Amino acid sequence: LDTESLTDNYLDWYRKCLHQRALSTGVADEASSASSNGGGGLQDDDNSTNDCKRQSFQTLTETIRLAEMEVSIAKAPKQALTLVRKQLDRIENDRMKRFEVLQEMAGEVCLREMDFRLRLVPPKRDAVLELPEIKSAIGILSPTLQLAGEPLPVG
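Rules and cut-offs
Residues numbered from 1 in each chain as written. Predicted model: local features only at pLDDT ≥ 70, side-chain atom pairs only at ≥ 80, totals over all residues. Heavy atoms only, no water. Helix = DSSP H or I, 4+ residues; strand = E, 2+ residues; numbered from the N terminus. Buried < 20%, exposed > 50% of the residue type's maximum accessible area, 1.4 Å probe, protein only. Contact = heavy atoms within 4.5 Å. Lys, Arg positive; Asp, Glu negative; His and termini not counted. Salt bridge = Lys/Arg side-chain N within 4 Å of Asp/Glu carboxyl O. Polar contact = N/O pair within 3.5 Å; in protein donor to acceptor, adjacent residues only side chain to side chain. Expected span 1.5 Å × (residues − 1). Phe/Tyr/Trp six-rings, centres within 6.5 Å; stacked < 30°, edge-to-face > 60°. pLDDT = per-residue confidence, 0-100.

Colleague: What is the right way to read the overall build of the protein chain from this model?
Modeller: When its secondary structure is counted, the protein chain shows six helices and zero strands. When the helices and strands of the protein chain are placed in sequence order, the string is α-α-α-α-α-α. Every one of the 155 residues in the protein chain was classed for burial, and the buried ones make up 10%. A fraction of 41% describes how many contacts in the protein chain between residues 6 or more apart in sequence connect residues 24 or more apart.

Colleague: Explain the side chain of R95 here, please?
Modeller: With respect to the secondary-structure elements, R95 resides in helix 5 (residues 78-114). Summary of buried charges: R95 has no salt-bridge partner, and the nearest side chain of opposite charge, E92, is 4.2 Å away. Within the structure, the side chain of R95 is placed 3.0 Å from the backbone oxygen of R125, a separation counted as a polar contact.

Colleague: Would you mind going over unusual backbone geometry with me for this structure?
Modeller: Peptide bonds are, in most cases, trans, and in most cases residues other than glycine have a negative phi. Although it is not a glycine, D115 sits at a positive phi angle of roughly 50 degrees. Position of D115 relative to the elements: it lies in the loop between helix 5 and helix 6 (142-147).

Colleague: Just to check I follow, could you spell out helix 1 (residues 3-25) for this structure?
Modeller: Given 3.6 residues per helical turn, the α-helix brings residues three or four places apart onto the same face. With 23 residues, helix 1 extends 33 Å between its outermost C-alpha atoms, agreeing within 8% with the 33 Å of an ideal straight helix rising 1.5 Å per residue. Residues of helix 1 that are buried: L18, A22 and L23.

Colleague: Just checking my understanding: could you explain the packing of aromatic side chains for this structure?
Modeller: Two aromatic rings, taken as a pair, are described by how far apart their centres are and by the angle between their planes. Going through the model one piece at a time under the given rule, you end up with two aromatic pairs. Relative to W13, the ring of Y10 lies with its centre 5.7 Å away and its plane at 35 degrees, an arrangement referred to as tilted. Placement of the pair is Y10 and W13 together in helix 1, with a separation of three residues, close to one helical turn. For Y10, a relative accessible area of 46% translates into the label partly exposed. The class of W13 is partly exposed, set by a relative accessible area of 49%. Seen in terms of ring centroids, Y10 and Y14 are 6.3 Å apart; in terms of plane orientation they differ by 15 degrees. Their pairing is stacked. Residue Y10 and its partner Y14 are located together in helix 1, separated by four residues, close to a single helical turn. A connected cluster of aromatic rings, assembled from ring pairs, spans Y10, W13 and Y14.

Colleague: In this structure, what is going on with the confidence of the model for the protein chain? I would like to understand it.
Modeller: Parts of the model with low pLDDT should not have their predicted coordinates read in detail. This prediction gives the protein chain a mean pLDDT of 77; 72% of its residues lie at or above 70. Within the protein chain, the lowest mean pLDDT, 45, falls on helix 2 (residues 30-36), and the highest, 91, falls on helix 5. Segment residues 29-46 is flagged for pLDDT under 50; beyond a separation of four residues in sequence, or across chains, it makes 15 contacts in the model.

Structural data, given as structure tokens:
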């Protein structure tokens, strides 16, 4: 290798490293954009590298995951898709039953304890439901019980 090709290979490798860092952090810094434009302030007409730098690593990962899902669904046999559909329907029915039980329990507690009618709205079908992490066992009525000197229920 001559010095010119070695220098070009090194600069190409360095630009790729900066590009990877920008993708992983989700921020396109000025050094990486300057180096991708030729290093010395030369402007490329190719804006695809700039658009790619604006996407974060998580966005690219999610895009790849969705594309893989689409391909696997397209290749799946109809019988397998029917089974998955039935399972999704069962999960949705179970979710709605759980919501109805929650609505009934919360409505009874609010009516009994606060003389307040509570009306809950079911979540959207595609909404992800996650319970928050509970760090203590203190509930809604625990401060009132503590002030009254009552023992708190365990569990």
